[in-house]
Structure formats: C-alpha cells, structure tokens
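Below are the chains, spelled out letter by letter.
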Amino acid sequence: MPTSIANVATDAAPRYAKQLASHLGRRSAIEELADGGYRITLTAGAGVLEPQADKLVMRASAPDDESLAVVQDVLGRHLERFGQRRELVVTWESAD
C-alpha cells in the first residue's frame with residue numbers, strides 16, 4: 001500500500017489538526033487518537049494527523065498511487081488554505 005508523509009512546520013499543530021479533522025469530518029469518518037491526533041478515512045484512502053510541538057505530521061495511505069495522490073491533495077490543499085496567513089506549505093515524500 002503506497003504511503004507518504006508530510007512534515008508541516010507550525011507552532012499551532014494541534015489547532016490545525018483539529019480544524020482539518022472537523023472540516024473533513026463532514027463527509028468522512030474521523031477517529032480521534034489517544035495522542036491527540038486524528039485518523040481520517042476518505043473514499044480514496046486514509047490520512048493520519050499527528051500534532052507535535054513544532055510541526056504537524058501528516059501521513060497518507062491508499063491502495064494505489066492514483067488514490068494516494070487524491071488523499072495527498074485533499075489533506076494538503078485544505079491545510080494550506082487554513083494556514084494561508086502563516087504561509088503553511090505541505091510537501092509530500094514517499095514513506096515506502
């Protein structure tokens with residue numbers, strides 16, 4: 001299963017993780033994790049948001065590369081829009 005990871009530098013990771021999960025939760029299944037993160041189940045695949053002190057770690061997984069690109073786009077595009085004032089940039093790297 002293809003997977004990728006993005007480390008997004010921010011001092012407000014918990015807030016962005018919660019905002020992104022809440023927004024995507026309108027159409028997707030959301031699971032709150034014990035460490036304060038979230039698992040988001042999309043039609044194309046899944047994403048995990050892990051807030052840390054100085055960054056938001058986002059992991060994407062899907063059954064194939066095309067679906068992985070969709071998950072990356074959904075997570076990355078929404079986070080960048082929410083963090084536009086702070087100029088958040090999402091850069092995905094393969095985790096395989």
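Above this text you will find the structure in question.
Computed from a predicted structure; not experimentally measured.

### Considerations on the overall build of the protein chain
For the protein chain, the helix and strand inventory stands at 2 helices and 6 strands. When the helices and strands of the protein chain are listed from N to C terminus, the series reads β-α-β-β-β-β-α-β. Taking 2.2 N^0.38 as the reference for a compact globule, 96 residues should give roughly 12 Å; the C-alpha atoms of the protein chain span a radius of gyration of 12 Å, in line with that estimate. Taking the principal axes of its C-alpha atoms as reference, the protein chain extends roughly 30 × 25 × 25 Å. Here the protein chain holds 96 residues, and the buried ones make up 47% of them. With 11 positive and 14 negative side-chain charges, the protein chain shows a separation of 10 Å between the mean positions of the two kinds.

### Topic: helix H1 (residues 13-24)
Given a rise of 1.5 Å per residue, 12 residues ought to cover 16 Å, and the 16 Å separating the end C-alpha atoms of H1 matches this to within 8%. All of the buried residues in H1 are Ala13, Tyr16, Ala17, Leu20, Ala21 and Leu24. Taken around the axis of H1, the buried residues stretch over an arc of 125°, which confines them to a single face. Exposed residues lying more than 90 degrees from the buried face of H1 are Pro14 and Lys18.

### Some details on the nonpolar core
General note: in soluble globular proteins, nonpolar side chains tend to be found buried as a group. Leu49, Leu56, Met58, Leu75 and Leu79 are the most contacted members of the largest nonpolar core, which totals 26 residues. Of all the secondary structure elements, the ones that give two or more residues to this core are strand E1 (3-9), H1, strand E3 (38-41), strand E5 (55-61) and helix H2 (65-82). The element contributing the most residues to this core is H1, with 6 residues. Not counting the four nearest positions on each side in its chain, Leu56 is found in contact with Ala6, Asn7, Val8, Thr10, Ala13, Tyr16, Ala17, Leu49, Glu50, Pro51 and Leu79.

### Quick word on unusual backbone geometry
Even without being glycine, Glu87 reaches a positive phi, approximately 55°. By the element assignment, Glu87 lies in the loop between H2 and strand E6 (93-94). Residue Glu87 is classed as exposed on the basis of its relative accessible area of 66%.

### Comments concerning the side chain of Thr10
Relative to the assigned elements, Thr10 resides in the loop between E1 and H1. Given the relative accessible area of 8%, Thr10 is considered buried. Filtering out sequence-adjacent residues up to four positions away, Thr10 remains in contact with Tyr16, Ala53, Asp54, Lys55, Leu56, Arg86 and Leu88.

### Section: the sheet that holds strand E2 (residues 29-32)
Here we have 6 strands laid out as an open sheet, ordered E2-E3-E4-E5-E1-E6, and antiparallel in their pairing. Only two strands of the sheet have a single neighbouring strand rather than two, namely E2 and E6. For E1 and E5, the ladder comprises 7 bridges, and the chain directions are antiparallel. Looking across to E5, one finds that Ala9 is bridged to Lys55. This element, H1, spans E2, E3, strand E4 (46-51) and E5 of the sheet and lies at about 155° to E4.

Scoring rules and cut-offs
Residues numbered from 1 in each chain as written. Predicted model: local features only at pLDDT ≥ 70, side-chain atom pairs only at ≥ 80, totals over all residues. Heavy atoms only, no water. Helix = DSSP H or I, 4+ residues; strand = E, 2+ residues; numbered from the N terminus. Rg over C-alpha atoms; globule rule 2.2 N^0.38 Å. Buried < 20%, exposed > 50% of the residue type's maximum accessible area, 1.4 Å probe, protein only. Lys, Arg positive; Asp, Glu negative; His and termini not counted. Charge placed at Lys NZ, Arg CZ, Asp CG, Glu CD. Expected span 1.5 Å × (residues − 1). Arc of directions from axis to C-beta. Core = buried A, V, L, I, M, F, W, Y, C linked by side-chain atoms within 4.5 Å. Contact = heavy atoms within 4.5 Å. Pairing = 2+ DSSP bridges. Axes fitted to C-alpha atoms, helices over the stretch in contact; angles between N-to-C directions.

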